[in-house]
Every structure is written in structure tokens, then in C-alpha cells.
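Okay, here's what each chain looks like letter by letter:
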Amino acid sequence: MMRHRRHCQPRSLGLTIIELMTVLVVLGVLVTLVAPTFRGMMQRQRVQGIQDQLLTDLQLARSELAVRASASASSPVAVTFGGDGMVTCYTIHTAGTGATCDCTRAVGQVCQPPDVLQEVRTVQLPRAGGISMAASSPSGSSVAFSPPQGLATPAGLTINITGDISGQVRTTVGDLGRPEVCSPDGSIRGVPPCS
């Protein structure tokens, strides 16, 4: 009598289609849950970066007074905010009468006529980036720093920087020319919530 030997086939170590589909479904669910949080975090960081640049530029405007005073020029330095459907923006410029600065114009051509006002710096933020900036005070959307102390006129200019997904920060320029920063929704790390 002969016995037949059975040869055992080793099981394949690959994935079946069902196992592969299960892994893909789980990954899809995880990406769907994490993506909005990640986008919100990225936008909050952009809002904070723009806020940091704004604070640096407000300090630049005040320090420009010292530069101009050493050159025997005593005119105020202003920061004018604006925007249109494409950009939100601001310009640091010398202050004067009979001229205007429109930060939506091409950089270098913002202040007209250029022999009356000098453009120091212009920042333009495309609205397509999801971040908007708006400034307001009882007398308009600009603040002027006057020599020699850098006092602000008008006092109480409020600048809001807002992300369309997440992140809000507010800067208020007091009469001494110093900015105070808070976050209306408390979403920016390291910035106190507004009261």
C-alpha cells in the first residue's frame, strides 16, 4: 500500500484585495479628519506671521521719525491701510498735505505725487491667500506718528487680521504709538484673548 504524500503549499505573504481596500478606507477616513485641522493650523501660523510683520512695520514707522529728524525733516510718518477685491494692504509713508497713498497701486507708485510723499514700505496680501486685513478708527484707516516722541494720531486705530478658516488677531495703536495685541477668538498661541 502506497500512501500519497500531501505537499503543503506555503501560504502567500502578500495582501489580498480586501485587506488592501480596508487599509485604504482607514487611511481615507484619517486624512479626512486630519486635513481641516492641519489647514486651520497652517492658516493660524500665517495670521501670526503677518501680525509679527505688522508689528515690525509699525516699529519701522516710528523709527523712521528718528532717521528723518537726523536729516532735519520733521514731518510725521504715517501708515495707511486699504484694499480692494484683489488685495488688502498697507503703506508706510511720510505724511503731508495735498497728496494721497493708495496701497493697491504698484509698489513704488503708491504715493502720488511722489515729490510730496515718500513711500517707505508697502505690504500687499492677496485675498486669494485666505487672509484679510482691515483697519479702522473714528477718523479713517491710517495712523500718523508725530515727531519727536512718535505719538499716534488718531489714537485707537484698530487693525484686524483674519483667516477665512481660522485665526484672528487684533492690534490697537494707542495714543503713545505703542501697539496692543489680542486675539478675538483666542486662536493665536501666545496672544492673549481680547476682553
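For the structure given in this document, a descriptive report is provided here.

Reading the values: the criteria
Residues numbered from 1 in each chain as written. Predicted model: local features only at pLDDT ≥ 70, side-chain atom pairs only at ≥ 80, totals over all residues. Heavy atoms only, no water. Helix = DSSP H or I, 4+ residues; strand = E, 2+ residues; numbered from the N terminus. Rg over C-alpha atoms; globule rule 2.2 N^0.38 Å. Buried < 20%, exposed > 50% of the residue type's maximum accessible area, 1.4 Å probe, protein only. Salt bridge = Lys/Arg side-chain N within 4 Å of Asp/Glu carboxyl O. Pairing = 2+ DSSP bridges. Core = buried A, V, L, I, M, F, W, Y, C linked by side-chain atoms within 4.5 Å. Contact = heavy atoms within 4.5 Å. Disulfide = S-S within 2.5 Å. Phe/Tyr/Trp six-rings, centres within 6.5 Å; stacked < 30°, edge-to-face > 60°.

## Some thoughts on the overall build of the protein chain
1) Next: Check the secondary structure of the protein chain and you find one helix and eleven strands.
2) Next: When its helices and strands are written in sequence order, the protein chain yields α-β-β-β-β-β-β-β-β-β-β-β.
3) Next: Against the 2.2 N^0.38 benchmark of 16 Å for 195 residues, the protein chain shows a C-alpha radius of gyration of 28 Å, more extended than a compact globule.
4) Next: When the backbone C-alpha atoms are referred to their principal axes, the protein chain occupies close to 120 × 40 × 30 Å.
5) Next: The proportion of buried residues among the 195 residues of the protein chain is 32%.

## Considerations on the pattern of salt bridges
1) Next: For the structure shown, the criterion picks out one salt bridge.
2) Next: Of the charged contacts, one joins Asp57 and Arg121 as a salt bridge, the two residues approaching to 2.9 Å between their closest N and O atoms. In this pair, Asp57 is assigned in helix H1 (residues 17-70) and Arg121 in strand E5 (residues 119-126), connecting sequence segments 64 residues apart.
3) Next: Exposure remark for Asp57: the relative accessible area of 4% places this residue in the buried category.

## What to know about the pairing of strand E10 (residues 168-173)
1) Next: Burial of E10 is one-sided: the residues Val169, Thr171 and Val173 facing one way are buried, the residues Gln168, Arg170 and Thr172 facing the other way are not.
2) Next: Direction of pairing for strand E9 (residues 157-163) relative to E10: antiparallel, over a ladder of six bridges. Looking at E10, one finds that Ile159 is bridged to Thr171.
3) Next: In this structure, the hairpin formed by E9 and E10 is closed by a connection of four residues, where Gly167 is found at a positive phi of approximately 105°.

## Section: the nonpolar core
Nonpolar side chains tend to gather and get buried jointly when the protein is soluble and globular.
1) Next: In this structure, Val79, Phe81, Phe145, Ile159 and Ile161 are the most contacted members of the largest nonpolar core, which totals 26 residues.
2) Next: Per-element accounting of this core gives the leading share, six residues, to H1.
3) Next: Apart from the residues within four sequence positions on either side, Ile161 is in contact with Val47, Ile50, Gln51, Leu54, Ile131, Ser132, Met133, Gly167, Gln168 and Val169.
4) Next: In terms of nonpolar packing, the next biggest core, distinct from the first, is built from five residues, Cys101, Val110, Cys111 and Leu117 among them.

## A short note on the state of the cysteines
1) Next: As enumerated under the stated definition, the model contains three disulfides in all.
2) Next: Shown here is the disulfide that connects Cys89 with Cys103, its sulfur atoms set 2.0 Å apart. The chirality of the disulfide connecting Cys89 with Cys103 is right-handed, given an S-S dihedral of about 70°. Of this pair, Cys89 sits in strand E2 (residues 87-94) while Cys103 sits in the loop between strand E3 (100-101) and strand E4 (111-112), placing them 14 residues apart in sequence.

## Remarks on the packing of aromatic side chains
In this description, an aromatic ring pair is defined by two values, namely the gap between the centres and the angle between the planes.
1) Next: Counting across every chain of the model gives one aromatic pair.
2) Next: An angle of 45° between the planes, with centres 5.5 Å apart, marks the rings of Phe81 and Tyr90 as tilted.
3) Next: Judged by its relative accessible area of 7%, Phe81 is buried.
4) Next: A residue is classified by how much of its surface remains accessible, and Tyr90, at 1% relative accessible area, is buried.

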